[in-house]
Structures are given as C-alpha cells and as structure tokens.
Amino acid sequence: MSAAFERLAAGAIARRRSFGLKERRAALEALRAAIGAHESAILAALKADLGKPEAETRLTEILPIQSEISHTLRHLRGWMRVRRVRPTLAMLGTRARIRPEPKGTALIIAPWNYPLSLALGPLVSALAAGCAAVIKPSELAPATAGVVARIVADLPADLVAVEQGGVETASALLALPFDHIFFTGSPEVGRVVMAAAAKTLASVTLELGGKSPVVIGPGADLARAARMIAWGKFANAGQTCIAPDHVFVPRAQEGALIAALRAEITRMYGAEPKASGSFARIINARHFARLAGLVDEARLKGAEVAVGGTADAQARYLAPTILTRTSAEMGVEQTELFGPILPVIGYDRLEEVLERINAGPKPLALYVFEKERTFIERVCAETSSGAVGINVTLAHYLHLNLPFGGIGNSGLGAAHGIWGFRAFSHEKPVLENRFAPLGNFMPPYSGGKLKLIRAMAKLLGRIG
Ligand SMILES: NC(=O)c1ccc[n+]([C@@H]2O[C@H](COP(=O)([O-])OP(=O)(O)OC[C@H]3O[C@@H](n4cnc5c(N)ncnc54)[C@H](O)[C@@H]3O)[C@@H](O)[C@H]2O)c1
C-alpha cells in the first residue's frame with residue numbers, strides 16, 4: 001500500500017465534515033500561491049525537459065491552471081449548491097434534491113507533453129470537488145515532475161501527495177482502491193488504466209489522444225487557415241494532444257496552402273527554426289528517433305518534403321516539416337504524429353474526407369476552415385470527435401465554459417470548469433418523504449389497491 005494513499009484515504013471521512021467551501025477555496029488559493037512562488041523553477045524545468053520557450057510555458061502551462069483556479073473560485077459556491085428538483089407525478093408528497101459529494105481519494109496520472117498543467121489542472125477540479133489526490137507526474141519530464149512535487153509540498157500533506165516514478169509506480173498506484181482515476185495520456189495506456197479500474201470499480205476520466213484532422217473547405221481563407229494550423233501544429237514542437245495531425249485540402253488549393261504554411265513557418269520561426277527562441281524540442285531520444293523514422297519511411301515510400309525535413313539528433317531538434325504525396329501505407333497516416341510533421345492531403349470530394357475520418361477512431365479534435373456555413377455544418381454533423389474548432393485551432397482548450405474531452409479512442413468523460421468538478425463529484429440524489437401516499441402501493445394488495453395501481457400505471461404511462 002502506498003503510504004501517501006493511506007494518509008489521504010484515512011482523512012476522507014473527516015474531510016466530509018470539514019472540507020467545505022471555505023476550506024476548498026483556501027486550498028485553491030494555496031495552490032495558486034505555490035505556483036506563483038515557484039514560477040522561475042517552472043520556467044527552468046520546462047526549458048530543461050522540452051526546450052519550451054518562456055512565452056509558451058506561460059501561455060500553455062501557467063495560464064491554463066491559473067485561469068482554471070480563478071474560474072473555479074468564482075463559481076465553486078454555485079457548483080457545490082444542493083439543487084432542489086421538482087417532484088414528478090408519482091412522487092407527489094416528497095421533496096428531492098441533488099447533493100454533490102466528493103468521490104473521495106483520487107489518482108491523477110499525467111503525461112509529459114504539458115507536464116505541469118496536465119498534472120495540476122485536474123488537481124484544481126479534485127480540490128474543488130472536495131477530494132484528496134495523489135499525482136503521478138510523467139517520468140519523461142523529470143525536471144517538471146520535481147517542481148510539481150515542490151509545489152504540492154506547500155499544500156496540506158493529508159490532502160495532496162506526489163508519487164514520482166514510471167510504469168512500475170503507476171501500476172502499483174492503479175492497484176490501490178482509489179475512488180476516481182483521472183488519466184491523461186495515450187489510448188494504449190488508457191486501456192491499461194481502465195482495466196485496472198475494473199478491478200476496484202473506480203470511476204475513470206480518460207483524456208487520451210489520436211489523430212486530429214483539419215478539413216479545409218473550398219471557400220477557406222488560406223492565409224488565415226495556414227496561420228492557425230502552423231501555430232496549432234508547431235507549438236511545443238507538435239507535442240500537443242489537440243495539435244492538427246494532418247490536413248485535408250481541396251486538390252486545387254494544395255499548392256497555395258503549402259506556400260501559405262511555408263510563409264507562416266518563416267514568420268513564426270525565421271528562416272532557420274533551429275536558431276529560433278520560439279520553437280521547442282522533442283522530449284527524448286526515443287521520440288526523436290520515432291519521428292525521424294516516420295519522415296524517412298514516408299520519403300522512402302514516395303512522399304515529398306515540401307518544407308523542413310532537417311533534423312539534429314543531438315539537439316533533439318526536428319524542423320517544422322510538411323509532407324505531401326503521403327499514402328495510407330505510411331506510418332505518418334496511421335499513427336498519432338505527436339511531433340512537428342504535417343502531412344497535407346489533397347482531396348476531390350468532401351465525401352471522401354468524411355468517409356476517411358469516420359472509418360478511423362474518433363479524434364480528440366477536428367478543425368474545419370471555411371466561410372460557407374453549410375460546409376461547416378456538414379463536417380460538424382457528419383463526423384464524431386471530442387471537439388470541433390471552426391477557423392481556429394487549440395483555443396477551445398482555454399474556454400472554461402466548454403467541456404474538454406474525447407470520445408471513444410480519444411477519451412471518456414470531460415475536464416475543465418464545471419465538468420472537471422463533476423468528474424470528481426458524485427451527484428447524490430436525496431429523497432425526503434413528507435406525505436407521499438406510498439401506503440397505497442404496499443401489501444396486502446386488495447382489489448381496491450390493484451385498481452389504483454392499474455390506474456396509476458395507465459396515467460403515468462401517458463404523462464410520465
Ligand atoms: N486528451 C488530453 O487532454 C491529452 C493531453 C496530453 C496528452 N494526451 C495524449 O497523451 C499521449 C502522450 O503522452 P505520454 O506519452 O506521456 O502518454 P503515456 O500514456 O505513455 O503516459 C502517460 C502516463 O501514464 C504512465 N504510464 C505509461 N505506461 C503505463 C502503464 N503501462 N501502466 C500505467 N501507467 C503507465 C506514464 O508514466 C505517464 O505518467 C498522446 O497520445 C497524447 O495525445 C492527451
């Protein structure tokens with residue numbers, strides 16, 4: 001048994017009495033202060049782990065958690081409120097309410113690509129819901145894992161703990177009887193997590209990945225589309241779960257889109273992105289080799305490198321790369337790229353694109369660039385994905401009035417704002433009897449009672 005789990009779980013019942021709005025707010029304020037106090041360590045850790053530029057760390061690691069905290073502080077009273085519900089006809093004479101209660105002790109398993117915000121973001125929701133939590137950061141971003149541990153050390157030890165380590169640590173934690181598991185990572189490991197949760201019947205939130213396509217319509221503003229796609233794809237060197245994975249473009253506009261993307265890459269990262277202070281690095285040698293291998297394989301099988309393609313293993317640098325003439329036999333069209341490689345695929349009819357998207361696993365995000373509403377609506381209505389971005393990439397992640405999550409292979413459940421709060425809460429129905437005539441339905445079943453039950457069944461069958 002993990003000592004941290006024991007410590008946290010032991011306090012669960014006492015916390016039901018003592019972890020109200022005021023205490024939860026205090027915990028969130030303490031987290032906010034701890035993040036502020038460790039800001040320079042955060043910037044240094046992300047530089048060390050991912051070569052992340054300061055602006056990107058502030059925008060994609062610190063800002064999302066700080067805004068999640070402020071949003072939660074502002075709305076928590078409302079989310080925690082016990083909600084009265086009206087009685088249905090069969091329940092006349094009763095009073096009913098829904099009472100959100102903390103699930104208990106939660107396990108948060110985080111990935112390496114946004115190693116701070118994906119460890120602490122779910123913690124905000126867990127604390128808001130009144131849960132205690134153990135965080136297992138990714139071992140592949142060790143500097144950030146260390147900072148997460150230092151931040152959490154500023155919070156009460158019986159409320160939050162960090163367990164550092166790799167697969168072995170995660171497996172040991174998964175065997176413990178947590179009440180909820182919030183996992184962010186790959187679909188493959190998501191399956192392992194769900195199988196482990198089946199043993200303890202813990203509820204799960206799975207924030208997974210996959211290939212998120214972009215569909216460009218014939219009426220799209222290509223310059224604007226290219227700007228959004230280049231930003232979404234090359235931020236964090238493409239190591240973003242909702243990064244555009246590949247682009248479908250009407251065949252006639254393929255050349256113009258590539259020219260626009262090339263111009264955007266130069267505008268964002270200069271003629272030599274390796275020298276740019278705005279472009280991140282690949283997390284480790286294994287992932288670098290995987291990505292370089294994907295480009296080599298695509299080239300060998302006939303793809304063309306329209307932009308980039310250069311690499312430096314020592315620096316774990318892979319240039320922003322655009323591939324054309326890719327095909328279904330190549331790895332780049334099969335696996336989640338999770339790096340700065342963008343296949344651009346020409347199409348003749350929208351139906352082909354929709355068929356292709358619908359034939360694969362459901363994506364985490366789907367982006368559509370077009371001015372014409374019917375085209376946008378068709379793509380939206382005829383595909384299924386975790387989210388849709390119209391003429392925008394990535395930004396839905398920051399919209400806290402939208403649920404963030406996947407569907408099927410890209411995830412289960414949702415995070416952010418009230419959806420994060422609900423993930424860690426049990427919505428407990430409470431029914432209170434006042435003068436419900438329930439005695440009429442209890443044995444002995446006289447002829448009169450049978451008649452009444454028949455009449456009730458008929459009536460409720462009609463009006464509910
Ligand atoms: N939906 C989202 O919000 C979101 C966000 C970021 C990343 N992702 C996805 O995460 C993936 C990349 O992250 P990653 O490489 O860190 O994912 P990963 O699944 O390899 O690892 C995630 C976490 O699980 C742990 N883990 C790994 N193997 C395990 C096992 N066998 N048993 C138990 N735990 C195990 C790791 O230690 C790590 O903490 C991509 O697929 C990406 O799309 C999704």
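Given the structure is predicted, the values throughout are model-derived calculations rather than measurements. (Residues numbered from 1 in each chain as written. Predicted model: local features only at pLDDT ≥ 70, side-chain atom pairs only at ≥ 80, totals over all residues. Heavy atoms only, no water.)

## Digging into the overall build of the protein
Here is step 1 of the chain: The helix and strand inventory of the protein stands at 16 helices and 18 strands.
Here is step 2 of the chain: Per-residue burial over the protein gives 51% buried out of 464 residues.
Here is step 3 of the chain: In the protein, the share of contacts with a sequence separation of at least 24, taken over all contacts with a separation of at least 6, comes to 72%.
Here is step 4 of the chain: Counting only carbon and sulfur atoms, one obtains 58% of the accessible surface of the protein, whose full area is about 20500 Å². (Helix = DSSP H or I, 4+ residues; strand = E, 2+ residues; numbered from the N terminus. Buried < 20%, exposed > 50% of the residue type's maximum accessible area, 1.4 Å probe, protein only. Contact = heavy atoms within 4.5 Å. Areas by Shrake-Rupley, 256 points an atom, 1.4 Å probe, with all protein chains shown as cover.)

## Considerations on the sheet that holds strand β5 (residues 160–162)
Here is step 1 of the chain: Spatially, six strands are ordered β5-β4-β3-β6-β7-β17 in an open sheet, and the strand pairing comes out mixed. Taken across any chain shown, the strands that pair with only one partner, and hence form the sheet edges, are β5 and β17 (411–412).
Here is step 2 of the chain: Bridge count for strand β3 (residues 105–109) against strand β4 (residues 132–136) is five bridges, and the pairing is parallel. When the bridges of β4 are listed, Ile108 appears paired with Ile135.
Here is step 3 of the chain: Strands in contact with helix α8 (residues 167–174) are β3, β4 and β6 (180–184); relative to β4, the strand with the most contacts, it is inclined by about 155°. (Pairing = 2+ DSSP bridges. Axes fitted to C-alpha atoms, helices over the stretch in contact; angles between N-to-C directions.)

## Here we look at empty space enclosed by the protein
One simple way to see leftover space: roll a probe sized like a water molecule over the atoms.
Here is step 1 of the chain: Applying the stated criterion to the full structure yields two cavities of 30 Å³ or more.
Here is step 2 of the chain: Put simply, the largest cavity is a space of about 240 Å³.
Here is step 3 of the chain: In this structure, the largest cavity is lined by 22 residues; those nearest its centre are Leu118, Pro122, Tyr397, Ala415 and His416.
Here is step 4 of the chain: At the level of secondary structure, the elements contributing two or more residues to the lining of the largest cavity comprise α5 (54–80), α6 (117–129) and β6.
Here is step 5 of the chain: Take the lining of the largest cavity: its biggest share by element is five residues, from α6. (1 Å grid on protein atoms, 1.4 Å probe; cavity = no way out; pocket = protein on both sides within 12 Å on 5 of 7 lines; lining within 4 Å. Points joined across faces, edges and corners; volume = space filled by probe spheres on them.)

## Here we look at α6
Here is step 1 of the chain: In this model α6 runs 18 Å from its N-terminal to its C-terminal C-alpha over 13 residues, within 8% of the 18 Å that 1.5 Å per residue would give.
Here is step 2 of the chain: Of all 13 residues making up α6, 13 are buried, and the element is well covered by its neighbours. (Expected span 1.5 Å × (residues − 1).)

## Overview of the UniProt feature "domain: Aldehyde dehydrogenase" (unreviewed entry) in the protein
Here is step 1 of the chain: Mapped onto this structure's residue numbering, the UniProt feature "domain: Aldehyde dehydrogenase" (unreviewed entry) falls at residues 11–428.
Here is step 2 of the chain: Structurally, residues 11–428 is divided into 43% helix and 19% strand, and its ends, taken at the C-alpha atoms, are 21 Å apart. (UniProt positions renumbered as here; feature names shortened; annotations may be inferred.)

## A word on the pairing of strand β8 (residues 213–216)
Here is step 1 of the chain: Residues of β8 alternate between two faces, with Pro213 and Val215 on one and Val214 and Ile216 on the opposite face, all of them buried.
Here is step 2 of the chain: Of the pairings in the sheet, the one linking β8 to strand β9 (residues 246–250) comprises three bridges and is parallel in character. Each bridged residue has a counterpart across the sheet, and for Val215 the counterpart in β9 is Phe248.
Here is step 3 of the chain: Chirality of the crossover, the property in question, places the unit of β8, helix α10 (residues 222–234) and β9 among those that are right-handed.
Here is step 4 of the chain: Sheet topology note: the β8/strand β15 (residues 365–369) ladder contains three bridges and is parallel. Note on β15: the bridge partner recorded for Val214 is Tyr367. (Right-handed = clockwise from strand over helix to strand, strands pointing away.)

## A word on the site of the ligand
Here is step 1 of the chain: As a structural note, the neighbourhood of the ligand is formed by 28 residues, with Ala110, Lys136, Ser186, Leu208 and Glu336 the closest of them.
Here is step 2 of the chain: Glu139 places a side-chain nitrogen or oxygen 2.7 Å from an oxygen atom of the ligand.
Here is step 3 of the chain: Gly185 is positioned with one of its backbone polar atoms (N or O) 3.2 Å from an oxygen atom of the ligand.
Here is step 4 of the chain: For the ligand, whose accessible area on its own is 850 Å², the fraction buried by protein is 89%.
Here is step 5 of the chain: By residue class, the composition of the shell around the ligand is 18 nonpolar, six polar and four charged.
Here is step 6 of the chain: Shared between two domains, the shell around the ligand takes at least three residues from each, and those domains are domain 1 (3–208 + 412–426) and domain 2 (213–405). (Near = heavy atom within 4 Å. Polar contact = N/O pair within 3.5 Å; in protein donor to acceptor, adjacent residues only side chain to side chain. Nonpolar A, V, L, I, M, F, W, Y, C, P; charged D, E, K, R; others polar. Domains from an automatic or database assignment.)

## Notes on the environment of Asn401
Here is step 1 of the chain: Position of Asn401 among the secondary structure elements: in the loop between β16 (387–390) and β17.
Here is step 2 of the chain: Taking the C-alpha atoms as reference, Asn401 lies 7.9 Å from His416; in sequence the two are 15 residues apart.
Here is step 3 of the chain: With residues up to four places along the chain from it excluded, the contact list for Asn401 reads His71 and Trp419.

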